[in-house]
Every structure is written in C-alpha cells, then in structure tokens.
Amino acid sequence: MSDQIISTANLAFIESSLAALNSRIGTVNENVQVVYGKVEQTAQEISTTRQELAVLANDFAEFVQRDRLAKALQLAETRVVKVRQELEQKFGHLDEVRKRTTGILQAVDVRVVRTETMHSGTEELMVKAPRYWLAPGLVALTAWLADNQELANRALQEALRRDTNKTCLLFALISRRGNRHGPAARWLDHYFGLQDPTNMDREVVLLLEAVAHGVFGPEGRQICSRSMDGWLAFLTARDGFVDEQRKHWAAALERFTPRQLDEKDFSRLRKIAGNWTELESSLLNARLHQPVLDHFTRVFNYRPESSTKLVTQVDGILDKLVCRFDDEELPLRRQERLLSLIIDENGDEQQARKTFDVETKALEEHISFTQILTNAAIHSDTAGASSATQRLATALSRDWIEAAHNQLTAQTRATAPASAKLTLAGWSGETKDGSEEAVLVPALEAEIKAQEEKALAAIGIGAGGVIAAIGAVLSLLLAFSGAGWLIVTIICSIVFVVKFRGIKKRKEQTRAAYEKSRADNVAYLRATLAEMVDYRRAWSQADTVAGKLAPLLRSFDPREMTAPDHSGARQVVANN
Amino acid sequence: MARSILSHPGGNGGSFLPATAANATAAFAFANPKARLAARRSAAYMSAFAQLDAGGHLLDDKAKAAIRAAIRAEFPEVSAVDLPLGIVARCHLGHPYEVHTLDCALDIVEHYKIGQALPGGMERARTLARHPSYVFVEVYLRQVRAVSADGTVTTLDL
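### Notes on the overall build of chain A
Here is step 1: Secondary structure assignment for chain A yields 23 helices and four strands.
Here is step 2: Looking at chain A residue by residue over its 576 residues, the buried ones come to 44%.
Here is step 3: Considering only intrachain contacts with a sequence separation of at least 6, the fraction spanning at least 24 residues in chain A is 77%.
Here is step 4: Accessible surface, chain A as shown: approximately 30200 Å² in total, 55% of it carbon and sulfur.

Below you can see the structure in the form of structure tokens.
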C-alpha cells in the first residue's frame, strides 16, 4: 500500500520535471536559433564589407591610372610645343624652299609670274640651305625657265651631287608634267638603276604612285615594269626571303583579328568551360578572315578617279616629293609624332608607342623593295601611298599575302580546341560539338545522384543521438536499483527521439535540394551544349571565309593595276 | 618658241650620274631544297597519293614504285633525310575510320579510327588532315606541310 503512495507521488514529480525540462529544451532551441541568426547576419556583413573593399581597391587603382595618364598627357603637351619650336628654328628655311618650289610649279602653270620674279630669291635660298638637295634643284628649274642653260646645268650637277635619287625623280616628274615622256623615261631609268632592291630609299613609294597612276606614259610604264620584275626576281631568289615575307605579312594580317567576342555571346560556355580562353582565342582567330577579305576587296575594288582628279593626284606626287621632310629633320619629326600620339591616346604612352613603332617601320629610311610594297599595301596612310599604289603593291605582293594567310588559317585550324572541357556542380565532362547530350546529361545526373546519396548517408543521429541511445539503455538497466535512473532513461529517450525525427526532416530537405540542383544543372548543361553547337557553327562559318581570299588575290594581275595613261598633262610654259 | 625641257644628262652629260650601284638584278636559278619543299605540288604528285584509301594495308610493288618515283620527281634536289617522314590524309572508308597514314619508309598504309592515336609524330598532322581544305598533310621532322587540292603548300612548325 505504502509502495503505491510513494509511486504516485514520484510520478507527479517526474512529470513536472519532464515538463520543465521540455520547456527548457524549447528555450535552448530558441536561443540556438537566435545565435544562428546572428552568425548569419555577421557572415552577411563580412561579405558586404569585402565587396565594398574590392570596389574601393578598384576605384583606387583607377584613380592612380587616371592620374598617371593625366601627368603623361601634360608632359607630352609641354614637350610637343618645344619640339615644334625647335623644328621651326632649325628647319624653317627648308619649309621655305619647299613652299617656293611648289609656288613656282604652280606659277608656271598659270603664267602669272615673270621669270625674273621666279628667279629672284632662289639663289638666296640656295645660300640659306647649304645641304638641302631641293635648293639647287630649284635654281636649276628657274634657270631653265629663264633659258639659262649653263646655270641650269651647274645647279643640276649640284642637286645630283646632294641627292641623286630625288633629283632624278624630281626632273622625271617635271618632264612628265611638261608632257615630255622621252626625257621623263630616261630620268626614271637612271633613278631605277640607282636603286638597290634590298636597301631602297623611301622615295620609291612615290615611284609606285607614279606607276599606279600611269603618269609616265608607255615608256615609263615599260621601265617600271621591267625594273620591278627584276627587283622581285632578285629578292625572291635570296635564301629565306619568301619565309621572311610570309612572316612579315602574317604579322600584318594578324592585326585584323578581332580583339574580343561580344560579352553576351556564349555566356554559359564562358562560365563552365575550363578551356574557354582557348575556345575564344580560336574563334577570334577564325574571325580574322572576314575583315581581311573586306580589306582586300576594298583595295581591289578601288577604281582610279576621273582624269581631272587623277591629274590633281599626279600633282600631288610632285608635291609629296617637294614637301617630304629631309633626312636631317626626321629625328625631330619623329619625336613630334610620338608626342602627338601620346596626346591622341590621352597620355597612354604604351599604346602610343605601339602605334608609333608600326608607323616608324613604315617610314624607315632604307628598306627593301618588298618592304615598300608591304608599307604601301598595309600602312598606306603613313607610307604616303595612295589607293592606286596600295592596289598595285597588294597585287605585286599577292603570292606572299596568300602564303601568309594560308599559314595563319592552317595554324588556327591545327590549334582549334577539340572539345570544351566542362565543369558543372562538381561534375566534369567534354563536348566536341554539343551533340553529346544523350551521354553527358545522364552522366551529370549520375554525379548529382551520387552526391545526393553521399549527403544522405552523411545525415545521421550524430554522436549526441548515439550517446542518448546508449544512455537510455544503460539507465533503463539500472532503473531497478534507483528511481533516479528512470529519469535519466526518460531524458535520454527524449533526446534520442528528437534527434531521430530531425534525421527524417533533414533527409527530406536534402533530397529536395538535390532534386532542384539536378533540374537546374541539367537545364544549364543542355543550354551550354546548345551554345557549343552555335560555337562550332560560328567557327565553321568564319573558317569558310578563308577560302575566298585566294581566288580574290589571284584574280588581280599587277599589270592591270595601273591606271590608263594621263599624258594630257599640263604644259610647262616658258615666259618669253 | 618652244623651249626644250631640261634634258637628262645621259648623252654628253653622263658624268652627272654615279654608276648604278645595285642594278644587279639578273635572273638566276636557285636550288634551295627548303624552297622546293614549300613550293606548289605537281598534279602527278597529287594523283600518286589519291588512291591510298583503296590500296589496303600493304602497297603492291607497282604502287610503291609509283609513289617513290612521284616523290623523287617532285623533290629532285632534296636529300633523302629532308623528305617527308609520312603522309596523313582523311580516310574515306567511313565511320569509325578517320584518317590514314602512309609511312614513307615502310610504304605501309594504316587506317586509324576516331580516338586511335597515330604513331611516329604523325598525330601532329591529324587535325589538319581532317579539315576538308587539305587533301593530305606531309609530316617532317620539325614541320608539317598541308597540301590543298590545287597543290598549294602551307608549312607549319608543329
């Protein structure tokens, strides 16, 4: 009887204790949730701080760069003024000779200046410019106009002594201007005879201009054609020459390669293809062909202008010869050009120097005939070549252009990545052309499934649960020796039950998360494979264009590149 | 009265002009083996390699002699050590065959399936050989030369 009373009292106590314990467990659980929330918040704040710091670092780097550019720009602006002043001081008189020669040539055409006026002052200029070839050339010209053969011959000798090439070319052009093709052709013959095809003067580009414009009549054209054929035969026969030309042209053509793809293109491949850099580079290299084809189509489609405009262009050739800077001036002129480029590039010296180096190569004082052709064909602006010359130079270089383009094309084809190496959600795979969906999608799903199983297997009751289970069993065995153990049994059982219920919930959550991951990643992979199909198509389309260049280049014969004769040139009139 | 333009001094005034320094542009023949290897292939040479697909694994004596004669005729001035080590070309036997090779020393034609590696440095030429723009690719010690249908040769250091 007494046992029953004690038992009833003890159960009430245990029940109340359990209720209190349950309540406390609830409180602890809530507290844990609060702490978890705080940890999350702190992690979020750290992430935000990091992002802000990155933005700040980026802003700072940009500021430093802008400051550097601004200083370089300021320095270049100051220096360019000094260089221009020095040019004016040192070589201003050469400008005067150039202006006067041009003026006399124009005055002769319109018969508005008396011979005496033209003659006066030219000898003074000769004194002012003791080394400049054009000064005695100018005296010879005015002496001839004044019918003073003795002075003309003496001045001519001096001009030839100072610069034979330029003098020959000047009088070839002046003779042609006077519609005297015989003397013009003979002057030209001498001019060509002086040229070493491996080491030519910059003025030869003017010769190309003249031939391209057909300004020397049939005699001149014959001489030009013969000389050019000879130079090319001489150069081509040299060991390694063709290789050198091919490399040279390959470097020139490579500049047509687009710099980058549109950022919106192939957005998924960019993210998950480990070899995207190679894929992008290969496509950009393949896209070189269209701009190259467009360039040469434009060059060859150029048609010489109407005769009026052409006569103006021929005058322009003479102008260029007369106005071209003298060798003495070149170092300063180059400084001025570099500084101007730095100003144009807003202080970016590196970029300016790149452009300058390319231009300088085009203005080198002594270069081979083929280099002249390359300059005229590619850097026609800086080499001072017209569209007609560019056309002729391109036609003469067509074999090397074709070889260089073939090599670039073969290089791109040989190095095209065989596949895109994909990495997605811990899975890796390869696609050659995007057609492997049937293999790759199940492989990705299998990988995600394996990950899911691993994650599910990792979900257990944990060490606490195991201890609770053991505690419950042991305390139950000991419950007969004391009532206190029963309480322990109950507590351990509760803990075990709570833990066990948590397992089920977590597993469900894990399955749901992996199911979502599977669906998302499979969709992403399918979209990526579709992009790979587009990539291969884009590459093939770009590559197909390569085959169009050779027929275009071969369709143009250098002999057809020169304009018809424009022998109806202006009469040089003597004032009597 | 029409006045004569300044006559060039070629007649009695030839002393004005210095002797032509560099008009040595006489055409001369050159025998450069490297240039020969880079030059366009002849139609006879191209046709010698056209029938490799149909020949089976071993060439008969007649085919061997024809290929040897084509190579010698194509590169008369090239020494034997500089001649191609082998040829790789697209295989027309159909799937799964991708390319075939001709080992110029052994005169053996081998057909290779997709994914099967080519021996003796010929793998370098595989990608180019598969491209429809090239009929075959010649493999050398340090280069490969891709040959187009019109005989155009493109050299790559691979």
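### Section: unusual backbone geometry
Apart from glycine, the bulk of residues carry a negative phi angle, and the bulk of peptide bonds sit in the trans form.
Here is step 1: With an omega of 5°, the peptide bond running from His95(B) to Pro96(B) counts as cis.
Here is step 2: Along the polypeptide, Pro96(B) turns up in the loop between strand E1 (86–90) and strand E2 (97–103).
Here is step 3: The phi dihedral of Asp147(A) falls on the positive side, at around 65°, and the residue is not glycine.
Here is step 4: Mapped onto the fold, Asp147(A) is located in the loop between helix H4 (134–145) and helix H5 (149–162).
Here is step 5: Here the phi dihedral of Ala425(A) falls at roughly 50°; this positive angle occurs in a residue that is not glycine.

### A look at the packing of aromatic side chains
Residues and elements named next belong to chain A.
Here is step 1: Tallied over the full model, the rule gives 10 aromatic pairs over all chains.
Here is step 2: Measuring from ring centre to ring centre gives 5.6 Å for Phe241 and Trp400, while their planes differ by 80°; the resulting arrangement is edge-to-face. On the criterion of sequence distance, the pair formed by Phe241 in helix H10 (residues 241–254) and Trp400 in helix H19 (residues 398–414) is long-range, its members being 159 residues apart. Across this residue pair, the class does not change: Phe241 and Trp400 are buried.

### Remarks on the environment of Gln116(B)
Residues and elements named next belong to chain B.
Here is step 1: Looking at where Gln116 falls in the secondary structure, it is placed in the loop between strand E3 (108–113) and helix H4 (126–130).
Here is step 2: Sequence spacing of Gln116 and Val99 is 17 residues, and the spatial spacing of their C-alpha atoms is 9.7 Å.
Here is step 3: Beyond its immediate stretch of four places on either side in the chain, Gln116 contacts His111, Glu123 and Arg126.
Here is step 4: At 2.9 Å, the side chain of Gln116 forms a polar contact with the backbone nitrogen of Lys113.

### Notes on the pattern of salt bridges
Here is step 1: One pass over the structure, following the stated rule, counts 28 salt bridges over all chains.
Here is step 2: One salt bridge connects Glu336(A) with Arg84(A), and the closest N-O pair in it is separated by 2.8 Å. In this pair, Glu336(A) is assigned in helix H15 (residues 330–344) and Arg84(A) in helix H1 (residues 2–110), connecting sequence segments 252 residues apart.
Here is step 3: Arg84(A) gets classed as partly exposed once you look at its relative accessible area, which sits at 41%.
Here is step 4: Members of the salt-bridge network, linked through shared partners, are Glu402(A), Arg554(A), Arg40(B) and Asp150(B).

### A few points about the nonpolar core
Residue and element names in this part refer to chain A.
Here is step 1: Counting residues in hydrophobic clusters, the biggest one holds 93 residues, and the most contacted among them are Leu170, Leu188, Trp249, Leu253, Phe296 and Phe369.
Here is step 2: Counting residues per element, this core draws most heavily on H1, which supplies 11 residues.
Here is step 3: Leu253 has contacts with Leu288, Val292, Phe296, Ile401, Ala404, His405 and Leu408, leaving out every residue within four places of it along the chain.
Here is step 4: Residues Leu284, Ala420, Met532 and Trp539 belong to the second largest nonpolar core, which totals 27 residues.

### Observations concerning helix H6 (residues 164–177) of chain A
Three or four residues apart is the spacing at which side chains of an α-helix point the same way, because the helix has 3.6 residues per turn.
Residues and elements named next belong to chain A.
Here is step 1: Between its terminal C-alpha atoms H6 stretches 20 Å, which fits the 20 Å expected from 14 residues at 1.5 Å a residue.
Here is step 2: Burial within H6 is extensive, with 14 of its 14 residues counted as buried.
Here is step 3: The N-cap of H6, judged by a side-chain oxygen 3.4 Å from the amide nitrogen of Asn165 a few residues on, is Asp163.
Here is step 4: Following H6 by one or two positions, Asn179 adopts a phi angle in the positive range, close to 65°.

### Section: the environment of Lys71(A)
Here is step 1: With respect to the helices and strands, Lys71(A) occurs in helix H1.
Here is step 2: Considering only alpha carbons, one finds Lys71(A) and Asn346(A), 275 residues apart in sequence, at a separation of 9.9 Å.

### Focus: the packing of H6(A) against helix H7 (residues 181–193) of chain A
All names here are of chain A.
Here is step 1: The interhelical angle for the contact between H6 and H7, taken along N-to-C directions, is 160°, at an axis separation of 8 Å. Judged by the angle between their axes, H6 and H7 are roughly antiparallel. Crossing of H6 over H7 shows left-handed handedness. Where H6 abuts H7, its residues Asn165, Cys168, Leu169, Phe171, Ala172, Ser175 and Arg176 lie against His181, Pro183, Ala184, Trp187, Leu188, His190 and Tyr191.

### Let's talk about a nonpolar patch on the surface
Residue and element names in this part refer to chain A.
Here is step 1: Side chains of Val466, Ile470, Val473, Leu474, Leu477, Leu478, Trp485 and Val488 sit close together on the surface and give an oily, nonpolar patch of about 710 Å² of accessible area.
Here is step 2: Ranked by residues supplied to the nonpolar patch, first place goes to helix H21 (residues 462–478) with six residues.
Here is step 3: Its place among the elements puts Leu478 in helix H21.

### Focus on helix H3 (residues 61–74) of chain B
Here is step 1: The end-to-end C-alpha separation of H3(B) is 20 Å, in line with the 20 Å expected for 14 residues at 1.5 Å each.
Here is step 2: Next to the buried residues of H3(B) lie helix H1 (33–38), helix H2 (43–48) and E2 of chain B.

### Quick notes on the sheet that holds strand E6 (residues 153–156) of chain B
All names here are of chain B.
Here is step 1: Taken in spatial order, the six strands line up as E3-E2-E1-E4-E5-E6 in an open sheet, and their pairing is antiparallel. Both outer strands of the open sheet, E3 and E6, are each paired with one neighbouring strand and no more. The average undirected angle you get between the axes of adjacent strands in this sheet is 20°.
Here is step 2: Sheet analysis places E2 next to E3, joined by six bridges and oriented antiparallel. Looking at E3, one finds that Thr101 is bridged to Glu110.

### Some words on the side chain of Arg391(A)
Here is step 1: Tracing the backbone shows Arg391(A) in helix H18 (residues 387–396).
Here is step 2: Judged by relative accessible area, which is 6%, Arg391(A) ranks as buried.

### Description of the pairing of strand E4 (residues 427–431) of chain A
Residue and element names in this part refer to chain A.
Here is step 1: Every second residue of E4 is oriented toward a common face, the buried set being Trp427, Gly429 and Thr431 and the non-buried set Ser428 and Glu430.
Here is step 2: The sheet contact formed by strand E3 (residues 420–424) and E4 spans five bridges and is antiparallel. Residue pairing for E4: Ala420 is matched across the bridge by Thr431.
Here is step 3: Taken together, E3 and the strand that follows it, E4, pair antiparallel across an intervening segment of two residues, in which Ala425 is found at a positive phi of about 50°.

### Structural notes on the confidence of the model for chain B
A low pLDDT means the predicted coordinates there should not be read in detail.
Residues and elements named next belong to chain B.
Here is step 1: Summary statistics for chain B give a mean pLDDT of 75 and a share of 73% for residues scoring 70 or more.
Here is step 2: Here H1 is the element of chain B with the lowest mean pLDDT, 80, and strand E5 (residues 144–148) is the one with the highest, 94.
Here is step 3: Low pLDDT (under 50) marks residues 1–30, which in the prediction has 61 contacts with non-local residues, meaning those over four places away or in another chain.
Here is step 4: Reported confidence for the predicted complex is 0.77 by ipTM and 0.65 by pTM.

### Quick notes on the pairing of E1(B)
Side-chain positions along a regular strand alternate between the two faces of the sheet.
Residue and element names in this part refer to chain B.
Here is step 1: The buried fraction of E1 is high, at four of five residues.
Here is step 2: Inspection of the sheet shows E1 paired to E2 by five bridges, in the antiparallel sense. Opposite Arg90, over in E2, you have Val99 as the bridge partner.
Here is step 3: Linking E1 to E2, which pair antiparallel, is a turn of six residues; within it Gly94 sits at a positive phi near 95°.
Here is step 4: Across four bridges, the pairing between E1 and strand E4 (residues 134–139) is antiparallel. By the bridge assignment for E4, Ile87 is matched with Glu138.

Analysis parameters
- Residues numbered from 1 in each chain as written.
- Chains lettered and ligands numbered in written order.
- Predicted model: local features only at pLDDT ≥ 70, side-chain atom pairs only at ≥ 80, totals over all residues.
- Heavy atoms only, no water.
- Helix = DSSP H or I, 4+ residues; strand = E, 2+ residues; numbered from the N terminus.
- Buried < 20%, exposed > 50% of the residue type's maximum accessible area, 1.4 Å probe, protein only.
- Contact = heavy atoms within 4.5 Å.
- Areas by Shrake-Rupley, 256 points an atom, 1.4 Å probe, with all protein chains shown as cover.
- Phe/Tyr/Trp six-rings, centres within 6.5 Å; stacked < 30°, edge-to-face > 60°.
- Polar contact = N/O pair within 3.5 Å; in protein donor to acceptor, adjacent residues only side chain to side chain.
- Salt bridge = Lys/Arg side-chain N within 4 Å of Asp/Glu carboxyl O.
- Core = buried A, V, L, I, M, F, W, Y, C linked by side-chain atoms within 4.5 Å.
- Expected span 1.5 Å × (residues − 1).
- Axes fitted to C-alpha atoms, helices over the stretch in contact; angles between N-to-C directions.
- Parallel < 35°, antiparallel > 145°, perpendicular 65-115°, else oblique.
- Left-handed = near helix turned anticlockwise from the far one by under 90°.
- Patch = residues over 30% accessible without salt bridge, like charges linked within 9 Å, V, L, I, M, F, W, Y side chains within 5 Å.
- Pairing = 2+ DSSP bridges.
- pLDDT = per-residue confidence, 0-100.

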